[in-house]
Amino acid sequence: MKGIFRLSLVAIMACVVVTALADEKDDKNKKKPKPVKVAVYFGKSDIDSGILVKPAFDSLLKQGLTSKDSNGRVFEVKSFMMTFCERNIYEDSVGNLMPVTDYLSEYSFDSKLKPYQLTYVLEHRKKGDTIIFEHIKLQSVDSVKAGANGKPFRIIVGR
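The present account deals with the structure reproduced in this document. Given the structure is predicted, the values throughout are model-derived calculations rather than measurements. (Residues numbered from 1 in each chain as written. Predicted model: local features only at pLDDT ≥ 70, side-chain atom pairs only at ≥ 80, totals over all residues. Heavy atoms only, no water.)

### A short note on the nonpolar core
Consideration 1: Ranked by internal contacts, the top residues of the largest apolar core, which has 24 residues, are F42, F57, L61, I131 and F133.
Consideration 2: For this core, the secondary structure elements donating two or more residues are β1 (40–42), α2 (54–63), β4 (74–91), α3 (115–124), β6 (130–140) and β8 (153–157).
Consideration 3: With 5 residues, β4 is the single largest residue contributor to this core.
Consideration 4: For L61, the residues in contact, after removing those within four places along its chain, are F42, L113, L118, V121, L122, I131 and F133. (Core = buried A, V, L, I, M, F, W, Y, C linked by side-chain atoms within 4.5 Å. Buried < 20%, exposed > 50% of the residue type's maximum accessible area, 1.4 Å probe, protein only. Helix = DSSP H or I, 4+ residues; strand = E, 2+ residues; numbered from the N terminus. Contact = heavy atoms within 4.5 Å.)

So this is what it looks like as structure tokens:
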């Protein structure tokens, strides 16, 4: 009788271990859903990409970034990476013209550029230059205080 009891106990324990291992394997195979990125806008507008004329570009750049999701919930921009892509023409040692893009990337811990960043971009921007905003961190302004990531976007300076 003791032998049958022990054999039954071992069989039950083996089933529990196999089931636990199978559940763990299933959890590893399940892909976690990617978090939805919230739309971020250039200035206090609904522009999130495209070509802007210089006056509109300048005005919206001074306003900083704003964000809201598809439900209208407003998010505060906590930080972002700005990359300014400035197109320039250089001349090599024998006089050949070389179009080259200079890149300036800086992180900002606010919804706006720092004063020296803003001054630099406004003084150097010209037709064809691009500004890219990425790695945008957001925080909900309602009582939930939920964090989120913003969609990266780029703006090109037009005429």
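### A few points about the pattern of salt bridges
Between side chains of opposite charge, pairing is possible as soon as their charged atoms come close.
Consideration 1: Tallied over the full model, the rule gives 5 salt bridges.
Consideration 2: Put simply, D58 and R125 hold a salt bridge, and the shortest N to O gap is 2.7 Å. Taken as a pair, D58 in helix α2 and R125 in the loop between α3 and β6 lie far apart in primary sequence, 67 residues in all. Judged on exposure class, the residue D58 and its partner R125 are both buried.
Consideration 3: With its nearest N and O atoms 3.3 Å apart, the salt bridge here joins K126 to E86. Within this pair, whereas K126 is found in the loop between α3 and β6, its partner E86 is found in strand β4, the two being separated by 40 residues in sequence. (Salt bridge = Lys/Arg side-chain N within 4 Å of Asp/Glu carboxyl O.)

### Thoughts on the side chain of S108
Consideration 1: Checked against the element boundaries, S108 lands in strand β5 (residues 97–108).
Consideration 2: At 2.8 Å, the side chain of S108 and the backbone oxygen of K112 are in polar contact.
Consideration 3: Once residues within four sequence positions are removed from consideration, S108 is found in contact with K78, S79, F80, L113, K114 and Q117. (Polar contact = N/O pair within 3.5 Å; in protein donor to acceptor, adjacent residues only side chain to side chain.)

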